Amino acid sequence: MPRLSEVIAALDVLWPPERAEGWDAVGTVCGDPDQEVSRVLFAVDPVQDIVDEAVKRGADLLVTHHPLYLRGTTTVAASTFKGRVVHTLIKHDIALHVAHTNADTADPGVSDALAGALDLRVVRPLVPDPSDPDGRRGLGRVCELDHPLTVREFAARAAERLPATAQGIRVAGDPEALVRTVAVSGGSGDSLFENVRAAGVDAFLTADLRHHPASEFMAARAQGAQGAHSPLALFDAAHWATEWPWCELAATQLDEISDRKGWGLRVHVSKTVTDPWTAHAASAADPSDPLGAPN
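(A) Focus on the overall build of the protein. What the protein contains, in helices and strands, is nine helices and 11 strands. When the backbone C-alpha atoms are referred to their principal axes, the protein occupies close to 60 × 45 × 35 Å. The buried share of the protein, reckoned over its 295 residues, is 48%. A total of about 14,600 Å² of accessible surface is found on the protein, and carbon and sulfur atoms cover 51% of it. Averaging the positions of the 26 positive and the 41 negative side-chain charges in the protein gives two centres separated by 1 Å.

(B) Inspection of the nonpolar core at higher detail. In this structure, Phe 42, Leu 61 and Trp 246 are the most contacted members of the largest nonpolar core, which totals 53 residues. In terms of residues, this core owes the most to one element, helix H9 (residues 239-261), which gives nine residues.

(C) Layout of helix H2 (residues 48-57). Within H2, the full set of buried residues consists of Gln 48, Ile 50, Val 51, Glu 53 and Ala 54. Residues of H2 that are buried in the fold lie against strand E2 (39-43), strand E3 (61-64) and helix H3 (81-91). Two residues or fewer past H2, Gly 58 is found with a positive phi of approximately 75°.

(D) A look at helix H6 (residues 151-161). Restricting attention to buried positions, one finds in H6 the residues Val 151, Phe 154, Ala 155, Arg 157 and Ala 158. Summarising the axial view, the buried residues of H6 lie within an arc of 155°, below the 170-degree limit, and thus occupy one face. The inward-facing, buried residues of H6 abut strand E6 (138-150), strand E7 (170-173), strand E8 (178-188), strand E9 (203-207) and strand E10 (233-237).

(E) A look at unusual backbone geometry. Of note, the amide linkage connecting Asp 107 to Pro 108 takes the cis form, showing an omega dihedral of -5°. Position of Pro 108 among the secondary structure elements: in the loop between helix H4 (101-104) and helix H5 (110-117). With a phi angle near 55°, Asp 93 is a residue other than glycine that sits in the positive phi range. With respect to the element layout, Asp 93 can be found in the loop between H3 and strand E4 (95-98). Take Asp 93: its relative accessible area is 55%, and that puts it in the exposed class.

(F) Examining the sheet that holds E9 more closely. Across the sheet, which stays open at both edges, the six strands sit in the order E5-E6-E8-E9-E10-E7 with mixed pairing between neighbours. This sheet does not close on itself; its edge strands, each paired only once, are strand E5 (121-128) and E7. Between one strand and the next, the sheet's axes are offset by a mean angle of 25°, whatever the strand orientation. Two elements, E9 and E10, share five bridges in a ladder whose sense is parallel. By the bridge assignment, Phe 204 is partnered in E10 with Leu 234. The strands that H6 touches are E6, E7, E8, E9 and E10; relative to E6, the one it contacts most, it runs at about 120°.

(G) Representation of the sheet that holds strand E1 (residues 27-30) in the model. The sheet built from five strands is open, its strands ordered E1-E4-E3-E2-E11 with mixed pairing. Among the strands making up the open sheet, the edge pair consists of E1 and strand E11 (266-269). With direction set aside, neighbouring strand axes in the sheet form an average angle of 25°. Inspection of the sheet shows E2 paired to E3 by four bridges, in the parallel sense. In the sheet register, Ala 43 faces E3, and the bridge partner there is Thr 64. Taken strand by strand, H2 contacts E2, E3 and E11, and its axis lies near 160° from that of E2.

Basis of the calculations
Each residue is numbered by its place in its chain's sequence as written, counting from 1. Only residues with pLDDT of 70 or above have their local features reported here, since the model is predicted, and side-chain atom pairs are shown and tallied only from 80 upward, although totals for entire chains, interfaces and linings are computed over all residues. Water and hydrogen atoms were dropped before computing side-chain values, which therefore reflect all heavy atoms in the structure. Strands here are runs of E lasting at least two residues and helices are runs of H or I lasting at least four, both read from the DSSP assignment and numbered beginning at the N terminus. Think of it in three bands: with a 1.4 Å probe and only protein chains considered, a residue is buried below 20% of the maximum accessible area for its type, exposed above 50%, and partly exposed in between. Here the accessible surface of atoms and residues is derived via Shrake-Rupley with a 1.4 Å probe, and residues count as covered only by protein chains that are part of the display. All tallies of charge rest on Lys and Arg as positive and Asp and Glu as negative; His and the ends of each chain are not included. Every charge is mapped onto a representative atom, which is NZ of Lys, CZ of Arg, CG of Asp or CD of Glu. Remark: nonpolar core denotes a set of buried residues (Ala, Val, Leu, Ile, Met, Phe, Trp, Tyr, Cys) joined through side-chain atoms within 4.5 Å. Residues are treated as being in contact if the distance between any of their heavy atoms lies within 4.5 Å. An arc is given here, and it is the one of the directions from the helix axis to the C-beta atoms. Only strands that DSSP links by at least two bridges are regarded as paired with each other. Note on definitions: angles span 0 to 180 degrees between N-to-C directions of axes, and those axes are lines fitted to C-alpha atoms, for helices only across the stretch in contact.

Right under this line is the structure:
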């Protein structure tokens with residue numbers, strides 16, 4: 001069996017920590033470099049439910065997309081929920097490793113996995129990494145559909161292909177407009193609106209779209225945005241759902257490394273839903289009726 005340091009070295013080749021954003025907190029959070037690793041669990045969030053699953057599975061290493069600590073802390077006391085995570089991991093000899101923004105921009109990365117889940121063909125990065133001479137790394141992806149779909153049909157595809165969440169898929173735009181090209185970005189994406197507009201795509205699928213940026217973006221589209229092409233539609237999925245496909249991609253990558261090196265790792269992907277929203281109540285009023293909204 002490989003040591004933790006050997007597995008981490010392989011993961012750092014896939015997602016070099018130096019490619020993470022300066023504000024990010026990636027890398028190994030806890031774990032003995034000399035401990036042996038036989039079973040690995042991938043998940044989006046390093047929360048207690050996931051750590052408990054790692055314990056039940058007998059995992060030696062938990063790899064998550066989201067960091068446990070993004071800011072400094074003065075305590076890991078078990079009386080805090082993050083401290084309890086740390087205590088549980090150490091008590092059961094489970095290492096925690098994080099690949100966040102360095103996995104977002106990787107080739108393949110988070111948005112490649114999202115595009116794959118939606119059966120889209122990746123054309124290029126939405127925001128290319130200038131340090132990549134091949135032009136394959138970067139944030140988000142510009143994609144093509146194998147055949148045009150209406151906005152309504154593409155929303156249905158996203159709802160079917162992405163993991164089910166209480167939110168589902170929110171849509172802004174004409175339900176009957178045709179979609180041929182789509183920009184996708186796993187996780188929060190409304191900071192990329194200018195890049196999406198410049199890409200000249202028909203739609204943008206991401207997560208965590210806020211009211212004002214989305215409203216202003218759609219208003220600019222309606223006015224022609226000074227002649228520039230703007231997306232016909234916005235698709236807002238749950239943050240967790242847009243990033244979960246990366247776990248399956250990452251697990252496959254580690255499986256291939258394990259086979260090549262003869263490690264015999266057992267690699268698993270958590271299917272535990274850690275999206276914080278647990279229920280959805282549909283509005284009773286008909287959204288097409290202008291008199292149906294409360295004043």
